[in-house]
Amino acid sequence: MNRIISFILLTAAMAFSIKAQSNTPQNYFLYLTPPESLETFYEKCNYMTEHFWDNCNLKSAFSSHERLRGAFADYISVAAHAQVDTVMTSINNLIKGVEKENPRNLLVLGNIARAVLQSDTCDIYSEQLYYPFAKAVADCKKIPEADRKAFIREARILGGTQEGMIAPDFEFTRLDGSKGKLSDLAGQRVILFFEDPEKDSSHLLQVRLSADYNLKQLIEKGYLTILNIYPGTPDAEWIAKASDLPSTWTVGSSKTVGDIFDLSTPPVIVYLTDTHKILSKTLDKDRLINMLQVLNQSVRQPRAKAE
């Protein structure tokens, strides 16, 4: 299937000939073409995001969930390059439109949004974009509560851990059995590493970070702390493996942290400022390694004041 953003990124010609790609039989409905007066890629993505659903009949669109999901994926691909305020306004308008036509279709839309924005195979993972859809389903009393249960939980978790918010406090158990809390690290910048020992990606990232020069330097300078948490009840095998992690890390387990943070696609990396404000929840391995390098280059004195 033709995907608008794939065409844009592959050609990168800034001629932005979306019309040739968008008005094809494969698309579920007619996608609008940005006016020629819009010159930049950014402006065109804003326009496409704002007007993407203008030609979609929300009353009949849910007759084919598969094709609607394809259109939604196209929408998110463009929205990922648009201004945040424009995207959120567009999402809210879409939700209102669906709710007006048939509130029960919010459940379908919520499931589509989850697949496109939250699955471990999605191209664009975004809690920020998914949250409005989860909340809309969670709040819709015309959908049976049993069908809303997962969305209610997701909306509660995501609603309390958005970027810019102060991270909720939680308790953990260290390897020696002693108790600790995130709040014990008050005044320290923290990298929260939520692992899944059954996933190779967690172990490989732990190994990579254990050997990272910049992370070692930042910890030694007192610039940040890494808090490695296993979300569950540890067994002897995990304790043995965790004991091999650097002694400069804070390592522990927590049975409740999975009810506070979205850990559906581990490993999950959360970067907290010295006030424990959530600065980022979308750090993959490459971005994290690059961030550590940049931070280490910028730090001249221990506890330098910078986010």
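All residue numbers refer to positions counted from 1 along the written sequence of the respective chain. Restriction of local features to residues with pLDDT of at least 70 applies here, the model being predicted, together with a cutoff of 80 or more for giving and counting side-chain atom pairs; totals for whole chains, interfaces and linings are based on all residues. Derived side-chain values reflect all non-hydrogen atoms in the structure, with water molecules and hydrogen atoms excluded from consideration.

Draft legend 1. Focus on the pattern of salt bridges. Basic side-chain nitrogens of Lys or Arg form a salt bridge, by our definition, when they fall within 4 Å of a carboxyl oxygen of Asp or Glu. Scanning the model with the defined rule gives 7 salt bridges in all. Linking Asp259 and Arg153 is a salt bridge whose minimum nitrogen-to-oxygen distance equals 3.3 Å. Here Asp259 is found in the loop between β5 (250–253) and β6 (268–272), whereas its partner Arg153 is found in helix α8 (residues 145–159), with 106 residues between them in sequence. Its relative accessible area of 38% is what places Arg153 among the partly exposed residues. The partner of Asp274 in a salt bridge is Arg189, with the nearest N and O atoms 3.7 Å apart. Here Arg189 lies in strand β3 (residues 189–194) and Asp274 lies in the loop between β6 and β7 (278–280), a separation of 85 residues in the sequence. On the basis of relative accessible area, Asp274 is assigned to the buried category, the value being 17%. Each helix is a run of H or I in the DSSP string that is no shorter than four residues. Each strand is a run of E no shorter than two, and both are numbered from the N terminus. When accessible area is computed with a 1.4 Å probe and restricted to protein chains, residues below 20% of their type maximum are described as buried, those above 50% as exposed, and intermediate ones as partly exposed.

Draft legend 2. Quick look at the sheet that holds β3. At least two bridges found by DSSP between two strands are what make those strands a pair. One open sheet holds the 7 strands; their spatial order is β2-β1-β5-β4-β3-β6-β7, and the pairing between them is mixed. Looking along the sheet, the strands with just one partner apiece sit at the ends: β2 (179–181) and β7. Ignoring strand direction, the axes of neighbouring strands in this sheet form an average angle of 40°. Two strands pair when backbone bridges link them, and β6 and β7 are joined in this way by 2 bridges, in the antiparallel orientation. Opposite Leu272, over in β7, you have Ile278 as the bridge partner. Helix axes are fitted to C-alpha atoms over the stretch in contact, other axes to C-alpha atoms as well, and angles between N-to-C directions run from 0 to 180 degrees.

Draft legend 3. The confidence of the model for the protein, seen in detail. Per-chain confidence: the protein averages 89 in pLDDT, with 89% of residues scoring 70 or above. The spread of mean pLDDT over the elements of the protein runs between helix α1 (residues 4–11), the lowest at 39, and helix α5 (residues 84–101), the highest at 98. Per-residue confidence from the predictor is reported as pLDDT, which spans 0 to 100.

Draft legend 4. Representation of unusual backbone geometry in the model. In this structure, the amide linkage connecting Pro266 to the following residue, Pro267, adopts the cis form with an omega of 0°. Within the secondary structure, Pro267 is located in the loop between β5 and β6. Despite not being glycine, His276 shows a phi value in the positive range, around 65°. One can find His276 in the loop between β6 and β7. Overall, His276 belongs to the buried group, its relative accessible area being 8%.

Draft legend 5. Inspection of the pairing of strand β1 (residues 171–174) at higher detail. Alignment of β1 against β2, held across 3 bridges, turns out to be antiparallel. Residue pairing in the sheet places Glu171 in a bridge with Lys181 of β2. Remark: 4 residues form the turn of the hairpin made by β1 and β2, two consecutive strands paired antiparallel; Gly177 in that turn has positive phi of roughly 95°. Note: β1 against β5, 2 bridges, orientation antiparallel. By the bridge assignment for β5, Arg174 is matched with Gly252.

Draft legend 6. Up close: the nonpolar core. For the purposes of this section, nonpolar cores are sets of buried Ala, Val, Leu, Ile, Met, Phe, Trp, Tyr and Cys residues that join through side-chain atoms within 4.5 Å. The biggest cluster of nonpolar side chains holds 44 residues, and the ones touching the most others in it are Trp53, Phe72, Leu94, Leu106 and Leu109. Looking at this core, the elements with two or more residues in it are α3 (41–51), α4 (65–79), α5, α6 (105–117), α7 (127–139) and α8. Every residue pair with non-hydrogen atoms within 4.5 Å of one another is taken to be in contact. Ignoring sequence-local partners within four residues, the contact set of Trp53 consists of Phe29, Leu68, Ala71, Phe72, Tyr75 and Leu94. Listed in part, the 25 residues of the second largest apolar core include Leu218, Trp249, Ile269 and Leu292.

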